[in-house]
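So the chains spell out like this:
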Amino acid sequence: MKQSRLLMPTLREVPADAEAVSHQLLVRGGFIRQNAAGIYSYLPLGHRVLHNIQTIIREEMNRAGAQELLMPAIQPAELWEETGRWGIYGPELMRLTDRHDRRFALGATHEELITSIVRDELNSYKKLPMNLYQIQTKYRDERRPRFGLLRGREFLMKDAYSFHATQEDLDEEYTNMYNAYSRIFDRTGLKYRPVVADSGAIGGKDTHEFQALADIGEDTIVYTDSSNYAANIEMAETLDRYEMQQADVRPLEKVDTEENRTIEDVAKFLNVDPKTTIKSVLFNVDGETVMAIVRGDHEANEVKVKNALGGLDIQLEDEAKIVELFNCAPGTLGPIHAPVKVVADYAVKYLVDAVCGANEANTHFTGVNAERDLAEMTYHDLRFVVEGDLAPDESGPVRFARGIEVGQVFKLGTRYSEAMGATFLNEEGRAEPLIMGCYGIGVSRTLSAIVEQHHDDRGIIWPRNVAPFDLHLIAINAKDETQVELANRLYEELGQTYDVLFDDRKERAGVKFADADLIGLPIRVNVGKKAGEGIVEVKVRATGEVIETSIDELNEVII
Ligand code: ATP
Ligand code: MG
Ligand code: MG
Ligand code: MG
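Quick caveat, the model's predicted, so the values are computed rather than measured. (Residues numbered from 1 in each chain as written. Chains lettered and ligands numbered in written order. Predicted model: local features only at pLDDT ≥ 70, side-chain atom pairs only at ≥ 80, totals over all residues. Heavy atoms only, no water.)

> Could you give an account of the site of ligand 1, naming the residues involved and the relevant values?
Lining the immediate surroundings of ligand 1 are 14 residues, of which E142, R151, G152, E405 and R445 lie closest. The contact in question runs from an oxygen atom of ligand 1 to an N or O atom on the backbone of G442, over 3.2 Å. One nitrogen or oxygen atom from the side chain of R445 is found 2.9 Å from an oxygen atom belonging to ligand 1. Isolated, ligand 1 exposes 580 Å² of accessible area, and the fraction of that covered by the protein chains is 84%. Taken together, the elements giving at least two residues each to the shell around ligand 1 come down to β8 (154-164) and β20 (398-413). Across the shell around ligand 1, the residue classes tally to 5 nonpolar, 4 polar and 5 charged. (Near = heavy atom within 4 Å. Polar contact = N/O pair within 3.5 Å; in protein donor to acceptor, adjacent residues only side chain to side chain. Areas by Shrake-Rupley, 256 points an atom, 1.4 Å probe, with all protein chains shown as cover. Helix = DSSP H or I, 4+ residues; strand = E, 2+ residues; numbered from the N terminus. Nonpolar A, V, L, I, M, F, W, Y, C, P; charged D, E, K, R; others polar.)

> Describe the side chain of D219, and please don't skip the residues or the numbers.
Tracing the backbone shows D219 in strand β11 (residues 219-224). No salt bridge forms around the buried D219; measuring N to O, its nearest opposite-charge neighbour R445 is 5.9 Å away. A polar contact is formed between the side chain of D219 and the side chain of Q211, at a distance of 3.1 Å. (Buried < 20%, exposed > 50% of the residue type's maximum accessible area, 1.4 Å probe, protein only. Lys, Arg positive; Asp, Glu negative; His and termini not counted. Salt bridge = Lys/Arg side-chain N within 4 Å of Asp/Glu carboxyl O.)

> Can you lay out the pattern of salt bridges for me, pointing to particular residues and giving the numbers?
Counted by the stated rule, this structure contains 30 salt bridges. Note that R187 and E59 form a salt bridge whose closest N and O atoms lie 2.7 Å from each other. Separated by 128 residues along the polypeptide, R187 in helix α6 (residues 167-188) and E59 in helix α2 (residues 44-63) bring together distant segments of the chain. Of the charged contacts in the structure, one is a salt bridge between E493 and R489, with a shortest N-O distance of 3.2 Å.

> Explain the sheet that holds strand β26 (residues 471-475) to me, and be specific about the residues and the numbers.
What the 5 strands build is an open sheet, ordered β27-β26-β28-β29-β30; its pairing is mixed. Among the strands making up the open sheet, the edge pair consists of β27 (500-503) and β30 (546-550). Direction aside, neighbouring strands of the sheet carry axes that sit 25° apart on average. Here β26 pairs with β27 via 4 bridges, running parallel. The partner of L471 across the bridge, within β27, is V500. Packed onto the sheet, helix α15 (residues 509-519) meets β26, β27 and β28 (523-527) and runs at close to 175° relative to β26. (Pairing = 2+ DSSP bridges. Axes fitted to C-alpha atoms, helices over the stretch in contact; angles between N-to-C directions. Contact = heavy atoms within 4.5 Å.)

By themselves these figures say nothing about function.
In structure tokens:
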């Protein structure tokens, strides 16, 4: 591809509205353009990366025995009414009516639709198991679309659904998909961790999320270095419902609400390092479970609270919002009537005390010793955060990291098949509900997550497997005939083996180099002053390494 013909509108300035690095670089590099909040166009470069990620996904899904189909984005409301999700899903589900006043949803996910298809087809155990997937545009009217492609309202998802006669068969497919996901994310070049997660509104039981590690991530994961075990802290909510009563509780000391207003005060009170930052907490207000992430901002010397369910940022001073978030009676801000469970936080102790006026008689911390440094938390403490079977090693500190959920695998069971009457005849000829699994990957979110992990201050550094082109060929001086001639020749030759982007523009070298760094192709071939001697320069984007080579040896150098 000749760059003079490519729609690649690069920008020098950081777009004002873009908080996340990936958002900034994808806009600046001319990969995407926003059309409305959370709604984007993929320009040719962005489209190429998206295509490469899809290819990896298709290859691994097909290899794992799944088959591709394509379902509609527009789905009849009646299907969502069968499972009750027309009501449950809330405003995130985009709804519309046709000219005959028939109601539809824009597909946020496709459990109902796929179940409606297979209930008429997979009617015998002989046809099972089966795994069907699609790569398709999804619609979710997110309360806070943000970070570019990371949380869009229109986004690309790979969603797969499997159908089984027995639980054991589902278990086997779950492992198969888990392994396929690991191969997919390995191939995209992402650093990620599979974590145990909460199944949330979708129903079902066993589930893992694939979390790409990045500070911008909206999820907090807890893990130990000494084992493979990791969990999304949202798990704490699930645990709480079951174990609150049996938990080992200890009373909270009363704190002067006026005096303990800053991180410094809290730190002094708790005898901990004031630089302690992201923490999580789960507590219960007036019988309702509230999950919050509490963030101590040392710089601003204040405590921020984020409702993990809604993504709301509030400050302690903002009484009206706290009243709303914690459902406290205005004016009184408390007391909290139900047990308070700290998962891993000191700031919350302050929060609860200072904001809600905690009262000894009915407020309790469990499990975690609030006076101990977080870094010393051990497996013993993790037990309170996660449910069930941990990895065998019980030693070592517990660590926290931020993650971007790029994929999730679920064991759905019969939640959808029972609600929608999707049955098959078993070996004895009796009808039973199909046992289901479902498996999602955020394709467009993965693209952004890769950029979050692979960039420097000059631009993106694409991993080879997903890069929009393999090679960037640059004629440094487009007015120099020798250079242009050699560059054209190399464009032909390299094009036999590689996907080459040829910067043939009549621009200054500085402009070409800045654009090349920004869009981040893995290898650059500069044709410059030594073109006459048949010598060019190969530059590796990731390391900055420069190798001068004769064109005869170019192929070996590039490999
Ligand atoms: P989140 O917790 O981030 O809202 P989710 O759990 O609601 O995600 P799933 O229903 O599990 O998402 O959908 C499967 C995958 O689709 C997710 O793992 C994620 O990678 C991707 N995804 C979900 N919502 C969005 C979005 N608004 N924009 C981009 N990708 C998304
Ligand atoms: Mg969501
Ligand atoms: Mg999620
Ligand atoms: Mg999910």
